[in-house]
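Coordinate inspection notes
Listed below are the residues making up each chain.
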Amino acid sequence: MCGIVGYIGKENALPILINGLKKLEYRGYDSAGVCVMHKNNFSLVKEKGKIENLEQTLLHSNILGNVGIAHTRWATHGEPSQLNAHPHLDCKGRLAIVHNGIVENYSALKELLQKEGHIIISQTDSEIIAHLIEKFYLPTGALAEANDGDMEIATIKALKLIEGAYALAIIDKNTNNILVAKKSSPLVIGVGDEETFLASDASAIVAYTKKVIYLDDNEIASLTQNGYSIKNINGELIDKKIIEIAMTVDQIEKGGFRHFMLKEIFQQPEAIENTLRGRLALGTVKLNLQFDVSLIKRIIIIACGTSWHSGLIGKYIIEKFSGIPVEVDYASEFRYRNPIVRQDDLVIAISQSGETADTLAALKEAKLRGAKTLGIINVVGSTISREVDSGIYLHAGPEIGVASTKAFTCQITALLLLSLYLQQIKKPIDNTILVELKNIPEKIKEVLAQSDEIKKIAEIFKDSKNFLYLGRNLNFPVALEGALKLKEISYIHAEGYPAAEMKHGPIALIDEHMPVVFIAPQDEIYNKILSNMEEIKARGGNIIAIINKRDTKIEKLAKYIIKVPESINELSPLINIIPLQLLAYYIADLKGLSVDKPRNLAKSVTVE
Ligand code: M6R
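Per an unreviewed UniProt entry, the protein chain goes by the name Glutamine--fructose-6-phosphate aminotransferase [isomerizing]. We quote the UniProt Subcellular location (unreviewed entry) comment for the protein chain here in full: "Cytoplasm". Per UniProt, the comment on the protein chain under Function (unreviewed entry) is "Catalyzes the first step in hexosamine metabolism, converting fructose-6P into glucosamine-6P using glutamine as a nitrogen source."

Below, the structure written as structure tokens:
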């Protein structure tokens, strides 16, 4: 989703802005632009496509200036084009703005502004904001009020009319500051030595400063070379804490891997260790939860995409270990279906980014209805992590590849910890599971060591048009996740199904052109999976099976086999998903596709 960077300080702004935009590339975008201010003049350059296109145009431009804003746009209103790229200007070219979010009432505002004579040149909702500020900043005739001419007041007036979401940065030719404002889209301020930064997330500015302030909704800040002042939407000054972030530059580089996704797949053993670190001690699980868990009667998990898949696995394991009933909802559906939420419910929001608009909105709805809330989040300091009553951070490190991998396995790990934590209130935890949890990173390494064999299978199937993924029980969500990974990055149509459900419809699709991926550990329903495989084999389908090392039966049924280490049933998704991530990765890479930044997708979906 759109990325914003800004700089005001003693250095030349342009390289800092471009560098910051590159760090935000993972969010997904289709055009980029920059506006640098020097001696009351703007240099504005925008290009469709990659940041490299923008850099080409900037190559001989010799743009100087110590103040600037920059943006990567992920199209919502209006096609990806140079005209629709940000920054946008007002009619007189006095203000430049960059925006992340959606102005939901933009049609009405556009009509109003056009009636008043504003010339709106792009198809975006964002350009409206520049004109709306202009409307209050430079009034004419009888409409003029005492405070007109003050950009901050004009901006506050404009923001009060906007329905929807915004992270906003504004520069004005006549003032030496950057104004920023936020509602439902993330924005972070970086505090340096005689320089101040802003960005959609800290990865864009961590190379320059680790001191940050997360802006909250309905806050507006004025940034100068020497610092910042933050106010609420009523113009009252507020005090906010500077936070020291732990993220390092190394963590957001590829570290010798061909793609971030591959790096992140290989990081999973270490990432899971980090999720577990300090949380297992002497046969117990230690979590720092801020409410009395013994009062919880029901759990509702809300999430989207991959995080929703880990939520489905969470249902199995929480119910199994704690006996507490669990419902799992798509966050986008939960919010609009007038959900029944009680005070003794715990609502868990799962989100890698902690910024997903649907999950955030559903969480707010749950809070309004009186539930206790818990976040299972990766990005420290993100909006959802600040909104929940309590949280379990994944500590997986930055996930840059748009296709989520290490966040998924760490989310399952966090859910396992939570399940055991809830169990230990009633009865002691079986030590075997704690020991096995610690063994998981080594078992994942064993699967990763087979990446060359998985690549060979990818070679065979890279031109397939469809894929079916089948699993049962806890491995049904693994099938869903395997299919999602493949479609996201290879653009091959793939569906995940409970293996037994296949005969109620999808079996009609099976022929020799249909690869069918089975996740088939030797669990209590192993024999049932064997029958499902027979059904596929009888119809000529190509079976690729993820099986346990000691399995001897499936080798006779499946043409392609990937052997993975055995584990306790409830932990098996942590192992079984790895070959599916690798299969999707290699298929996409062999097809020459943009693995880390697949078309149309954004890493952090901050619009509804
Ligand atoms: O940041 P979140 O976990 O809240 O994101 C939710 C989904 O947008 C995300 O999982 C998406 O489905 C990924 N691209 C999956 O790989």
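Summarising burial for strand β7 (residues 166-172): seven of the seven residues are buried, a large majority. Here β7 shows two buried faces, one formed by Tyr 166, Leu 168, Ile 170 and Asp 172 and the other by Ala 167, Ala 169 and Ile 171. As defined by bridge partners, β7 adjoins strand β8 (residues 178-183) across six bridges and the pair is classed as antiparallel. Bridging from a neighbouring strand, Tyr 166 pairs with Lys 183 of β8.

In this section: the site of the ligand. For the ligand, the set of nearby residues contains 14 residues, the closest of which are Ser 307, Ser 351, Ser 353, Thr 356 and Glu 488. Take Ser 353: an N or O atom from its side chain is 2.6 Å from an oxygen atom of the ligand. In this structure, the ligand is accommodated by the second largest pocket. For the shell around the ligand, the secondary structure elements donating two or more residues are α8 (305-322) and α15 (475-490).

A separate point is the environment of Asp 30. Structurally, the position occupied by Asp 30 is in the loop between α1 (13-23) and β2 (31-38). C-alpha of Asp 30 to C-alpha of Trp 74: the two residues are 44 residues apart in sequence and 5.5 Å apart in space. Aside from chain neighbours lying at most four places away, what touches Asp 30 is Lys 48, Gly 49, Arg 73, Trp 74, Ala 75 and Pro 80.

Rules used in this analysis
Residues numbered from 1 in each chain as written. Predicted model: local features only at pLDDT ≥ 70, side-chain atom pairs only at ≥ 80, totals over all residues. Heavy atoms only, no water. UniProt positions renumbered as here; feature names shortened; annotations may be inferred. Buried < 20%, exposed > 50% of the residue type's maximum accessible area, 1.4 Å probe, protein only. Helix = DSSP H or I, 4+ residues; strand = E, 2+ residues; numbered from the N terminus. Pairing = 2+ DSSP bridges. Near = heavy atom within 4 Å. Polar contact = N/O pair within 3.5 Å; in protein donor to acceptor, adjacent residues only side chain to side chain. 1 Å grid on protein atoms, 1.4 Å probe; cavity = no way out; pocket = protein on both sides within 12 Å on 5 of 7 lines; lining within 4 Å. Sits in = over half its atoms within 2 Å of the grid points. Contact = heavy atoms within 4.5 Å.

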